[in-house]
Structures are given as structure tokens and as C-alpha cells.
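# Chains, contacts and geometry: an overview
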Amino acid sequence: MRDSVKGGALTEVTFFILLSLYTQNHGYGVMQFVEEKTQGRLVLGAGSLYGAINTLQKRNWITPVDDGKGRKKEYVITKTGKEIADIEIKRLKNLVSIAEEIKGGQV
């Protein structure tokens, strides 16, 4: 995972995982979310997903949720994770703004 906390630049996979966890979700649900939202451009394997989930937990960007009901472990984005996602959204908007300015209009 090559995410830069300092610069705010996230990998696309990390960004979509964070977005997928604004609503409590389990690993397979995260995989489906990412594939659906990217129209199949990004497809996560279980190993990649769970490696990313472990890293995001260590960074306190997501946290497991124990609802006591099922055997599937669910996760949700933390306050810190939301702050990181907001930084990335601002960074992406700035990139688009620069591109529009250079091209002289809408991209």
C-alpha cells in the first residue's frame, strides 16, 4: 500500500475501500462495492483486500464492528479515515481544476 499520509495521495484502491466503509460492510461487500463503483475497472482479490484492511486498521482509518450477529467480520470508517478521505477528495478536485484551467474549460 503506497499511500502518502503526508501528501494526502491515496491509492485508488485505498480510496474506494474507505468510501465503501462509510456504511458498515464486510470484506465481500467491500469487494462488490469497489467493482460496482468502478464498473469493473478495479477488481480486488481477497488477499489484496484483507492486506489493505489490516493496514487501514493499523492506521486507525477503519475499525472492525462487532454486532454479535454474524460470522462475517464487518468494518466501518473512523473519524480519522473520514478526514483522510476528505483530504483526498480535495486533492482530486484540485487536480481536475488545474486540468480544466490548462485545457481552457471542462474536462
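Note: the structure precedes this text.
Report follows, based on the coordinates. (Residues numbered from 1 in each chain as written. Predicted model: local features only at pLDDT ≥ 70, side-chain atom pairs only at ≥ 80, totals over all residues. Heavy atoms only, no water.)

### Looking at the overall build of the protein chain
Scanning the protein chain from N- to C-terminus turns up four helices and three strands. Going from the N terminus to the C terminus, the protein chain shows its helices and strands as α-β-α-α-β-β-α. Burial analysis of the protein chain (107 residues in total) assigns 33% to the buried set. At a minimum sequence separation of 6, the contacts of the protein chain that also span at least 24 residues come to 49%. In the form shown here, the protein chain has an accessible surface area of approximately 7000 Å², with 51% of it arising from carbon and sulfur atoms. (Helix = DSSP H or I, 4+ residues; strand = E, 2+ residues; numbered from the N terminus. Buried < 20%, exposed > 50% of the residue type's maximum accessible area, 1.4 Å probe, protein only. Contact = heavy atoms within 4.5 Å. Areas by Shrake-Rupley, 256 points an atom, 1.4 Å probe, with all protein chains shown as cover.)

### A closer look at the packing of helix 1 (residues 12–20) against helix 2 (residues 27–37)
For the pair helix 1 and helix 2, the least separation of the axes is 9 Å and the interaxial angle reads 115°. Relative to helix 2, helix 1 is oriented so that their crossing is right-handed. Within the contact between the two elements, helix 1 uses Phe16, Ile17, Leu19 and Ser20 and helix 2 uses Val30, Phe33, Val34 and Lys37. For the contact of helix 1 with helix 2, the class distribution of residues is six nonpolar, one polar and one charged. (Axes fitted to C-alpha atoms, helices over the stretch in contact; angles between N-to-C directions. Left-handed = near helix turned anticlockwise from the far one by under 90°. Nonpolar A, V, L, I, M, F, W, Y, C, P; charged D, E, K, R; others polar.)

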